[in-house]
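Observations on the model geometry
Listed below are the residues making up each chain.
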Amino acid sequence: LPLHVKARKETYPNSDVKRFPVPDDKVQWSVDWPEYKPVEFTNPKVLAGPVWADPEIRGPNAPKMKFNRVDGKINRRSHMKPDYEIPDGVPRNPCGRTGMTGRGELGKWGPNHAADPLVTRWKRDAQGKEVVNPVTKKKVLQFIAICRKDSGAWAIPGGMVDAGETVSVTLRREFGEEAMNSLDATPKERKKIEKAVGELFKHGIEVYRGYVDDPRNTDNSWMETIAVNFHDGTGNSVGKFALYAGDDAGAVQWTDIGSDLTLFASHESFIEKVAIRLDAHW
Ligand code: RP5
Ligand code: MG
Ligand code: MG
């Protein structure tokens, strides 16, 4: 397992809270470290108990949760094997220490499931000819990236799987919301958007499923995702879509793919898998 890095960044997102510093050689739980004193933090908006958040599970009267199982409409299973550990009834991050206990900004104890739609096309010049990188001699791919309002980082337009939702619905819904602004569309426009996205999203190839090195992760709550590539080989379907940023996206644009990309969380690594799959420039 690669070491998480963003999940150890000192200042926790949207707060002044500082994590307990965790050096590389102390990330793994198997390394004994009695001096480890993680800071406890759960954002007040999570503690307020919105529908997407779990209740407190520590202390007396704590409700029982079906960890490592499907718990009613909530999938508490991890994509990672083996099952995550639950010392003293609290899930433990499978990728190791983060310097923080509690849930931070995340609603669920254990895995918080997301889906990431990776929509790609070949880059073309003004004549419509595919562009080749002069160094690698490989065709250049572009993907639809959004700029996240929370951090200003560029990212895949992904989002959380809602309770009871299937991943294929999450992929379409989040892409519609963040890259086509379906939430602000009239019912008629929304129908059109859903139809176009549905058409494009018929043929997807899964490129990744598992842990995300997300800056919001803690010792007890972490992001996991399924990233699916929807490639428009001819440039005639999505290639022609009008993009409008919406919901938690401040901007949206087709972005050239290459190893110099800096993206939110571990999104570069998902993009790299697509570049390899399509034998594109990286
Ligand atoms: C990342 O957070 C996932 O890869 C996904 O892109 C995103 C989901 O969270 P929100 O966009 O809903 O904040 O870990
Ligand atoms: Mg969203
Ligand atoms: Mg999102």
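All of the points below concern the structure found in this document. Once a new chain begins, its residue numbering starts again from 1 and follows that chain's sequence as written. All chains are assigned letters beginning at A, and all ligands numbers beginning at 1, according to the order in which they are written. In keeping with the predicted nature of the model, local features appear solely for residues at pLDDT of at least 70, side-chain atom pairs appear and are counted solely at 80 or more, and the whole-chain, interface and lining totals rest on all residues. For the side-chain quantities, the full set of heavy atoms in the structure was used; hydrogens and water were omitted.

With respect to the coordination of the magnesium ion (ligand 2)
By definition of the ideal shapes, four donors in a tetrahedron about a metal sit 109.5 degrees apart, and six donors in an octahedron sit 90 or 180 degrees apart. Each metal's donors are the N, O and S atoms found within 2.8 Å of it, except that Na, K and Ca use a 3.2 Å limit; water is left out, so coordination can look incomplete. Donor atoms from the polypeptide that bind the magnesium ion (ligand 2) are E174 (OE) and E178 (OE), placed at 2.0 to 2.3 Å. The two metals, the magnesium ion (ligand 2) and the magnesium ion (ligand 3), are separated by 3.3 Å and share E178 as a common coordinating residue. Of this pair, E174 and E178 both sit in helix α2 (residues 167-179), separated by 4 residues, roughly a single helical turn. Each member of the pair E174 and E178 is classed as buried. Numbered from the N terminus, helices here are DSSP runs of H or I no shorter than four residues, and strands are runs of E no shorter than two. Categorising residues by exposure relies on relative accessible area from a 1.4 Å probe, with only protein chains included: less than 20% of the type maximum marks a residue as buried, more than 50% marks it as exposed, and the intermediate range marks it as partly exposed.

What to know about the coordination of the magnesium ion (ligand 3)
Of the protein atoms, only G158 (O) and E178 (OE) coordinate the magnesium ion (ligand 3), at distances of 2.2 Å. Residue E178 is classed as buried on the basis of its relative accessible area of 2%.

A short note on the pattern of salt bridges
Take a side-chain nitrogen of Lys or Arg and a carboxyl oxygen of Asp or Glu: if they are within 4 Å of each other, that pair is a salt bridge. All chains considered together, the criterion is met by 20 salt bridges. In this structure, E40 and R58 form a salt bridge, with 2.9 Å as the shortest nitrogen-oxygen distance. Of this pair, E40 sits in strand β1 (residues 39-42) while R58 is found in the loop between α1 (44-47) and β2 (70-71), placing the two residues 18 residues apart along the sequence. Taking the relative accessible area as the measure of exposure, E40 reaches 41% and is therefore partly exposed. On the basis of relative accessibility, which here comes to 29%, the residue R58 falls in the partly exposed class. Residue R58 pairs with E56 through a salt bridge whose shortest N-O separation is 2.7 Å. Look at the salt bridges and you will find they share partners, linking D162, E165, R173, E174 and E177 into a network.

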